[in-house]
Amino acid sequence: MKQIRIFNKFMVLMGKRIWIYIVSIIGMIVFDAGFSVITSNLINRLTQRIQMKDIIGIWDDIIFNVVIGIIVLIGWRYSTIRYNIEAKRATACVQRRVYSKALKLPLKYYNEHHTGEFISKLVFDTNKSTDIYRATLRRLISPIVTVIIYMVYMMFMCWQLTIILVSFNVVLLFYNTLLSKKIKMTSINISNGNKRITEQIINIINGVSVLKMYKGGQRKISDFMKDNKKFTKDQLDNNKVHSIVKGINGLSELVTSLIFLGVGVVFVSQSWVQIGQIIAIYTLYGSFAWNFKQIGKYIPEFIDKLAYAQNIINFLEIDTEKIYFKEIGGIDDAHISVNNVIFGYNKIIILDRFCLSVQKGEKVAIVAESGKGKSTLMKLLLGLYEPYEGNISIAGKNFCDNGVYEVRKQIAYVSQDTYLFNVSIKENIAYGKPSASDKEIIEAAKYACAHDFIMKLEKGYDTIVGEAGNILSGGECQRIAIARALVRKTPVMIFDEATSALDNNTEQKLYKKIFSYYNDVTMLIVTHRSSTMMLCERKIYI
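Residues numbered from 1 in each chain as written. Predicted model: local features only at pLDDT ≥ 70, side-chain atom pairs only at ≥ 80, totals over all residues. Heavy atoms only, no water.

On to the overall build of the protein, then. The secondary structure content of the protein amounts to 17 helices and nine strands. Taking all 542 residues of the protein together, the buried fraction comes to 48%. Within the protein, counting contacts between residues at least 6 apart in sequence, those at least 24 apart form 78% of the total. Of the roughly 28000 Å² that the protein leaves accessible, carbon and sulfur atoms contribute 60%. (Helix = DSSP H or I, 4+ residues; strand = E, 2+ residues; numbered from the N terminus. Buried < 20%, exposed > 50% of the residue type's maximum accessible area, 1.4 Å probe, protein only. Contact = heavy atoms within 4.5 Å. Areas by Shrake-Rupley, 256 points an atom, 1.4 Å probe, with all protein chains shown as cover.)

Structure, rendered in structure tokens:
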């Protein structure tokens, strides 16, 4: 029952077009099976006509069945094209849902889950689960419906022989079904193994310099090899089970053919069935047995894919980032207002009844020892966390009435750990304001003290910065990130140790420029440097 619920939930992701998809599959199967039945019936009819020496009847049967066959082939072709379109559309729909969900998750999720696990879910599990749309479901339904159609026709030809053949295949199907639980377990192990390996690879890539410098880095390599060895074993276990299923199915094909021939000879010799009917059944039986075998093969494969579908469904059911917070406390007229905020991590209170009031245009330094809540306060101001108690408003907007997205529009934020995309410098700055003109981008870069070093680069603003800005120094990356914030021209700017990689002189020059030009913008500057504190109008200690 659990697997049925998972399947139903996964199919619902297709939306209203699910019926077009299902009808397309049924159309493919019925037309394909119908063509085989027409061929078998034609052989039966021709055998009877030959025995009666009815030449005219032979040509009538051939013409009639050819016309019907052409119609069936056209229907099959159209259904196949429609199915492929809907399957690809459904796959794209799930991918969009997963990627969209990834952008709506709360910050807490990213803090508690490794990047490797996240990537594994976005890529590996998504690809495996959507194979249900592209192939697995069709492969399962097709033999079931085909067997039913064939069985009805074969029962009409000779019900005794049909029952014997069906009984043998049912026993085989039951055996294959017993192995489906083992296949599901190995598939779950493979999914978890891929997640662990992805995590290890990301750790190795991100920490390659540490691995090269310290002996302890060898432990990471050892962990990777251990996880890789287990992943290989899980794959081998999965392949073994599939091989057993395949071997049993192959043996059954030979045994069933021998049973069919033996029983057929007995029935004909006893005149219980005509030779034309036996030929007609035999014409279908090869496909009938093959499709029955496919049921046993694809039930385990279907269960296999449902394990990945469950991972995706669980991911999509995670609570998204809250847009509106509960209203606690009042709002004053300050440009930035934090009233009696209580917040912490893992039941440890970091901010206890914290209050902050900053007027429009003020430049305020936020100062505290490490771990006392400076960055936490900034994340609360951005709506990345909801406080346990208290209220926050930014430029007249609050999280209770206006929601986090509206409040974030009022803020430009630069963190200490700046991130640049692997595009040009111009594009990186323009992320702050996609509609920004070249003039605005250059102006923002000048106030961020970035223009001079950018112009010294061979391609200037068109220079590709590399992955995470690896062709630039830390200070250069920070200045481009500051330019990205400045071009946005928001009423509030937050700099969370945004100049930590700059020397004192450059930092002083940068802040003086920004404070002078953006004098009506409210700014919070998290810093440890006394020289930066001196530039601010006041200091707030946490």
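Picking up after the structure, the text goes on.
Taken together, the buried positions of helix α13 (residues 438–447) are E440, I441, A444 and A445. Each buried residue of α13 lies within a common arc of 135° when the element is viewed along its axis, so the set occupies one face. Looking at the buried side of α13, the elements it contacts are α12 (425–430), α14 (451–456) and α15 (474–486). (Arc of directions from axis to C-beta.)

By size, the foremost hydrophobic cluster in this structure holds 42 residues, and its most contacted members are I429, I482, L486, M493, F495, I514 and M523. For this core, the element with the most residues is α15, which contributes seven residues. Once residues lying within four places of it in the same chain are set aside, the contact partners of M523 are E362, K363, V364, M493, F495, I514, F515 and Y518. The next biggest cluster of nonpolar side chains, apart from the first, holds 34 residues, and it includes L13, I18, L306 and L316. (Core = buried A, V, L, I, M, F, W, Y, C linked by side-chain atoms within 4.5 Å.)

Let us look at the sheet that holds strand β4 (residues 389–394). Think of a sheet as strands paired side by side through backbone hydrogen bonds, with each pair either parallel or antiparallel. As summarised here, the arrangement of the four strands in space is β2-β1-β4-β5, forming an open sheet in which the pairing is antiparallel. Strand pairing shows two members of the sheet lacking a second neighbour, β2 (348–358) and β5 (397–398), which therefore form its edges. Alignment of strand β1 (residues 336–345) against β2, held across seven bridges, turns out to be antiparallel. Bridge pairing in β2 links I336 to V358. Packing against the sheet, helix α10 (residues 374–381) makes contact with β1, β2 and β4, and its axis sits at approximately 120° to β1. (Pairing = 2+ DSSP bridges. Axes fitted to C-alpha atoms, helices over the stretch in contact; angles between N-to-C directions.)

Counted according to the given criterion, the structure contains 15 salt bridges. The partner of D131 in a salt bridge is K305, and the shortest N-O contact between them spans 3.8 Å. Within this pair, whereas D131 is found in helix α5 (residues 115–178), its partner K305 is found in helix α9 (residues 275–316), the two being separated by 174 residues in sequence. Of the residues examined, D131 reaches a relative accessible area of 17% and is grouped as buried. The exposure class of K305 is buried, given its relative accessible area of 8%. Among the ionic pairs, R538 bridges to E362, the shortest N-O distance being 2.7 Å. One end of the pair, R538, is in strand β9 (residues 538–541); the other, E362, is in the loop between β2 and β3 (363–367), with 176 residues separating them in the sequence. Here R538 falls in the partly exposed class, since its relative accessible area comes to 30%. A cluster of three or more residues bridged by salt bridges with shared partners is formed by R17, R82, E86 and R89. (Salt bridge = Lys/Arg side-chain N within 4 Å of Asp/Glu carboxyl O.)

Once that is clear, we can look at the side chain of S79. Counting through the fold element by element, S79 comes out in helix α3 (residues 55–104). Judged by its relative accessible area of 7%, S79 is buried. A polar atom in the side chain of S79 sits 2.9 Å from the backbone oxygen of G75. What S79 contacts, discounting residues up to four positions off in sequence, is S24, G27, M28 and F31. (Polar contact = N/O pair within 3.5 Å; in protein donor to acceptor, adjacent residues only side chain to side chain.)

With 14 residues, helix α16 (residues 504–517) should cover 20 Å at 1.5 Å per step; its first-to-last C-alpha distance of 20 Å lies within 8% of that length. Those residues of α16 lying buried are T506, E507, Q508, L510, Y511, I514 and F515. Lining the buried residues of α16 we find β3, α13, α15, β7 (492–496), β8 (522–526) and α17 (530–535). The opening residue of α16, the one whose side-chain oxygen lies 3.1 Å from the backbone nitrogen of N505, is D503. (Expected span 1.5 Å × (residues − 1).)

Locating M523 in the fold gives a position in strand β8. With a relative accessible area of 0%, M523 lands in the buried category. Taking the C-alpha atoms as reference, M523 lies 8.6 Å from P491; in sequence the two are 32 residues apart.

Moving on: the sheet that holds β7. Strand order in the open sheet formed by five strands is β6-β7-β8-β3-β9, and the pairing between neighbours is parallel. Each end of this open sheet is capped by a strand with a single partner; those strands are β6 (411–414) and β9. The sheet shows a mean angle of 20° between the axes of neighbouring strands, direction not considered. Of the strand pairs in this sheet, β6 and β7 are connected by four bridges, and their pairing is parallel. When the bridges of β7 are listed, I411 appears paired with V492.

Once that is clear, we can look at the confidence of the model for the protein. Summarising the model, the protein shows a mean pLDDT of 80, and 87% of its residues fall at 70 or more. Per-element confidence in the protein is highest for α13, whose mean pLDDT is 91, and lowest for helix α7 (residues 208–213), whose mean pLDDT is 55. (pLDDT = per-residue confidence, 0-100.)

With that settled, the discussion passes to the layout of surface pockets. In this structure, the largest pocket occupies an estimated 1600 Å³ of space. Lining the largest pocket are 31 residues; nearest its centre among them are L382, L384, Y413, S415 and R484. Breaking the lining of the largest pocket down by element, the ones donating at least two residues are α3, α4 (107–112), α10, α11 (404–408), β6 and α15. The dominant element in the lining of the largest pocket, judged by the number of residues it contributes, is β6, at four residues. (1 Å grid on protein atoms, 1.4 Å probe; cavity = no way out; pocket = protein on both sides within 12 Å on 5 of 7 lines; lining within 4 Å. Points joined across faces, edges and corners; volume = space filled by probe spheres on them.)

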